[in-house]
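# Structural features, examined
Single-letter residue listing:
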Amino acid sequence: MSETAARLDDPAEAAAFAAAFELSAPPADFVDDPYPYYRALREHDPVRRLADGSLFLTRYEDVSTVYRSPHASSDKKREFRPKFGDSPLYAHHTTSLVFNDPPLHTRVRKLILGALSQRAVARMEAGVEALVDGLLDAMQDKGRFDLIDDFAAQIPVEVIGNLLAVPRADRGPLRGWSLAILAALEPLPSAGMLEAGNAAVREFSAYLDGLIADRRARPLDPEEDVLTRLIQGEVDGERLTHAELVQNCIFLLNAGHETTTNLIGNGLDSLLAHPGEFRRLAGDPSLLNTAVEEMLRFESPLQFNNRCMTADCEIGGRAVAAGTLVTLCLGAANRDPSQFADPERFDVGRKPNRHLAFGHGDHACAGMSVARMEGRVAIGRLVARFPGLQRDGEPQRDRRLRFRGYSHLPARAG
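We now turn to the structure provided with this report. (Residues numbered from 1 in each chain as written. Predicted model: local features only at pLDDT ≥ 70, side-chain atom pairs only at ≥ 80, totals over all residues. Heavy atoms only, no water.)

### Remarks on the overall build of the protein
What counts is decided by this rule: Only DSSP runs of H or I with at least four residues qualify as helices, and only runs of E with at least two residues qualify as strands; both kinds are numbered from the N terminus onward. The reference for a compact globule is 2.2 Å times residues^0.38; the radius of gyration itself is calculated from the C-alpha atoms. Three exposure classes are used, based on accessible area relative to the maximum for each residue type with a 1.4 Å probe and protein chains only: buried under 20%, partly exposed in between, and exposed over 50%. Contacts are residue-level and defined by heavy atoms, with any inter-residue pair within 4.5 Å sufficient. Positive charges come from Lys and Arg alone, negative charges from Asp and Glu alone, with His and the N- and C-terminal ends not counted. In plain terms, the charge of a residue is placed at NZ if it is Lys, CZ if Arg, CG if Asp and CD if Glu.
If you tally the helices and strands in the protein, you get 18 helices and twelve strands. At 21 Å, the protein has a C-alpha radius of gyration in line with the 22 Å of a compact globule built from 414 residues. Taking the principal axes of the C-alpha coordinates as reference, the protein spans close to 65 × 55 × 40 Å. Among the 414 residues that make up the protein, the fraction classed as buried is 54%. Considering only residue pairs separated by 6 or more positions, the protein has 72% of its internal contacts joining residues 24 or more positions apart. Side chains of the protein give 49 positive and 58 negative charges; the mean places of these two sets differ by 2 Å.

Quick look at the structure:
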């Protein structure tokens with residue numbers, strides 16, 4: 001048990017922490033292990049009102065209720081204007097699928113889901129297997145490797161690159177662009193983070209302008225190429241504008257890259273931290289599906305989501321006024337003992353497991369089937385190839401709050 005966890009086992013300490021918690025000024029070790037803090041909030045102030053008037057929710061039922069609420073808006077124009085000003089970041093994040101309500105959300109989601117059907121995902125799987133096997137071959141030759149740089153981060157960039165048919169020679173900047181754009185979503189991004197994020201949106205948009213022009217001139221099969229589908233597709237007689245098209249292609253890379261990289265990296269780290277569960281999975285590959293779901297629950301790649309309430313309502317027994325901003329803490333909800341038996345235990349065979357890592361309701365992650373497939377292929381084939389996988393140095397955790405993952409995870413084949 002960590003020193004923080006032991007201290008917060010004292011109800012008085014836990015209550016005092018919860019009463020003073022501010023997301024804008026978290027404890028120094030919050031990124032390293034937020035779960036004792038989440039537990040204190042869940043037990044002592046589960047509908048925590050922060051200094052800026054927003055709410056921070058940590059109970060499973062409250063988070064799930066807001067996800068299902070017709071009064072919970074994903075539109076971020078009001079929230080992002082003071083944060084980003086009139087900038088490329090503002091244009092991107094207020095036009096992308098994830099931060100919009102109908103009708104734009106409906107039009108884009110229908111077009112994307114049509115290209116990410118179960119049949120389409122099944123067609124992709126052989127290519128992902130070949131990609132993963134090639135990465136594992138290179139790692140085996142090296143003996144020592146980084147599970148993020150050499151493995152987890154490589155897979156989604158290739159998959160999304162294939163979905164948009166980005167020429168392989170052009171894929172080098174994609175990961176850097178994605179990391180810079182998403183870093184700006186932190187609760188308090190620095191000036192440097194905003195500058196890097198705006199530059200990434202400008203550069204990525206300029207690249208996509210050329211790619212879209214080429215695809216208009218030479219369309220591909222819309223059943224397999226998401227970009228062709230977005231260009232040609234109509235919902236209720238409307239097509240996407242050029243700006244909507246560009247920003248949602250950026251969104252596809254960002255969403256697909258971040259969630260899957262962290263799913264694979266966090267999942268492998270959890271297996272290394274729980275060698276009994278590693279051996280259990282290696283000995284029984286039929287557990288792979290439940291193991292991936294447990295990895296999503298135990299170390300949720302996305303820790304926070306946000307909504308704005310559009311009508312007066314009640315959350316967790318508290319009256320909430322229209323216009324209130326709400327942070328949904330998925331990392332806390334996914335360890336709520338009211339929903340998960342022994343939630344602090346990592347169990348690759350856990351059933352049932354109704355985690356909220358991919359959201360819920362109309363805004364549930366459109367690419368969840370692709371992410372699950374990538375996680376299943378990557379983790380299953382790595383465990384089979386390297387049953388003696390071991391750490392080979394100190395992991396380096398990504399210091400962002402919203403996204404939970406690693407920058408580096410050194411390991412050796414064992």
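### Comments concerning the packing of helix H10 (residues 154–163) against helix H14 (residues 242–273)
Heads up, the rule is: Every angle, taken between N-to-C directions, lies between 0 and 180 degrees, and every axis is a line fitted to C-alpha atoms, over only the stretch in contact when it is a helix. Note that the term roughly parallel is reserved for angles under 35 degrees, roughly antiparallel for angles over 145, roughly perpendicular for angles of 65 to 115, and oblique for everything else. What makes a crossing left-handed is the near helix being turned counterclockwise from the far one by less than a right angle; a clockwise turn instead makes it right-handed. Only Asp, Glu, Lys and Arg are considered charged, only Ala, Val, Leu, Ile, Met, Phe, Trp, Tyr, Cys and Pro nonpolar, and every remaining residue, Gly among them, polar.
Where H10 meets H14, the axes come as close as 8 Å, and the angle between the chain directions of the two elements is 150 degrees. In terms of orientation, H10 and H14 fall into the roughly antiparallel class. Crossing hand, H10 versus H14: right-handed. Contacts from Ile155, Pro156, Val157 and Ile160 of H10 reach H14 at Leu252, Leu253, Gly256, His257, Thr260, Thr261 and Ile264. Of the residues contributing to the contact of H10 with H14, the split by class is seven nonpolar, four polar and no charged.

### Things to note about helix H18 (residues 368–385)
What counts is decided by this rule: Each helix should span, by expectation, one fewer than its residue count multiplied by 1.5 Å.
Spanning 18 residues, H18 covers 25 Å between terminal C-alpha atoms, matching the ideal 26 Å at 1.5 Å per step. Within the sequence span of H18, burial applies to Val370, Ala371, Met373, Glu374, Gly375, Val377, Ala378, Ile379, Leu382 and Val383.

### Regarding the packing of H10 against H18
The interhelical angle for the contact between H10 and H18, taken along N-to-C directions, is 135 degrees, at an axis separation of 11 Å. One element, H10, and the other, H18, form an angle in the oblique class. The crossing of H10 and H18 is right-handed. Mapping the contact onto sequence places Ile155, Pro156 and Val159 in H10 and Val370, Glu374 and Ala378 in H18. Its residues assigned to classes, the contact of H10 with H18 shows five nonpolar, no polar and one charged.

### Quick notes on the packing of aromatic side chains
Which entries qualify depends on this criterion: The criterion for an aromatic pair is that two Phe, Tyr or Trp rings (for Trp, the six-membered ring) have centres within 6.5 Å, with stacked assigned to planes under 30 degrees apart, edge-to-face to planes over 60 apart and tilted to the rest. Put simply, a charge is over a ring when the Lys NZ or the Arg CZ is close to the ring centre, within 6 Å, and near the line of the ring normal, within 35 degrees.
With the rule as written, the count across this model stands at 15 aromatic pairs. With 5.3 Å between their ring centres and 55 degrees between their planes, Phe298 and Phe346 make a pair best called tilted. Placement of Phe298 in helix H16 (residues 288–298) and of Phe346 in the loop between helix H17 (330–333) and H18 is noted, with a sequence separation of 48 residues between them. Among the residues examined, Phe298 registers a relative accessible area of 7% and is labelled buried. Looking at Phe346, the relative accessible area reads 2%, which means it is buried. Clustering of aromatic rings is evident, with ring pairs tying together Phe17, Phe21, Phe30, Tyr35, Tyr37, Tyr38, Phe56 and Phe304. Across from the ring centre of Phe298, 3.9 Å away, lies the NZ or CZ of Arg335, which sits over that ring.

### Details of the sheet that holds strand E5 (residues 304–309)
We apply this condition: In this description, strands pair whenever DSSP reports at least two bridges between them.
Overall, mixed pairing links the five strands, which are arranged E1-E2-E8-E5-E3 in an open sheet. Bordering the open sheet on either side are strand E1 (47–49) and strand E3 (72–73), each of which pairs with just one other strand. In terms of strand pairing, E5 meets strand E8 (residues 325–329) through five bridges, oriented antiparallel. In the strand pairing of E8, Cys308 is matched with Leu325.

### Here we look at the sheet that holds strand E9 (residues 390–391)
Ordered by their spatial adjacency, three strands build an open sheet running E4-E12-E9, and the pairing between neighbours is antiparallel. Both outer strands of the open sheet, strand E4 (144–146) and E9, are each paired with one neighbouring strand and no more. Of the strand pairs in this sheet, E4 and strand E12 (residues 410–412) are connected by three bridges, and their pairing is antiparallel. Residue pairing for E12: Phe145 is matched across the bridge by Ala411.

### Focus: unusual backbone geometry
Cis geometry marks the peptide bond from Pro102 to Pro103, where omega comes out at 15 degrees. As for its placement among the helices and strands, Pro103 is situated in the loop between helix H6 (88–93) and helix H7 (104–115). The amide bond that connects Lys351 to the next residue, Pro352, takes the cis arrangement and shows omega of -10 degrees. Secondary-structure assignment places Pro352 in the loop between H17 and H18. With phi around 55 degrees, Ala165 is a residue other than glycine that occupies positive phi space. Tracing the chain through its elements places Ala165 in the loop between H10 and helix H11 (174–183). Of note, Asp342 is a non-glycine position whose phi angle comes to about 50 degrees, a positive value. You can see Asp342 is positioned in the loop between H17 and H18. The class for Asp342 is partly exposed, based on a relative accessible area of 45%.

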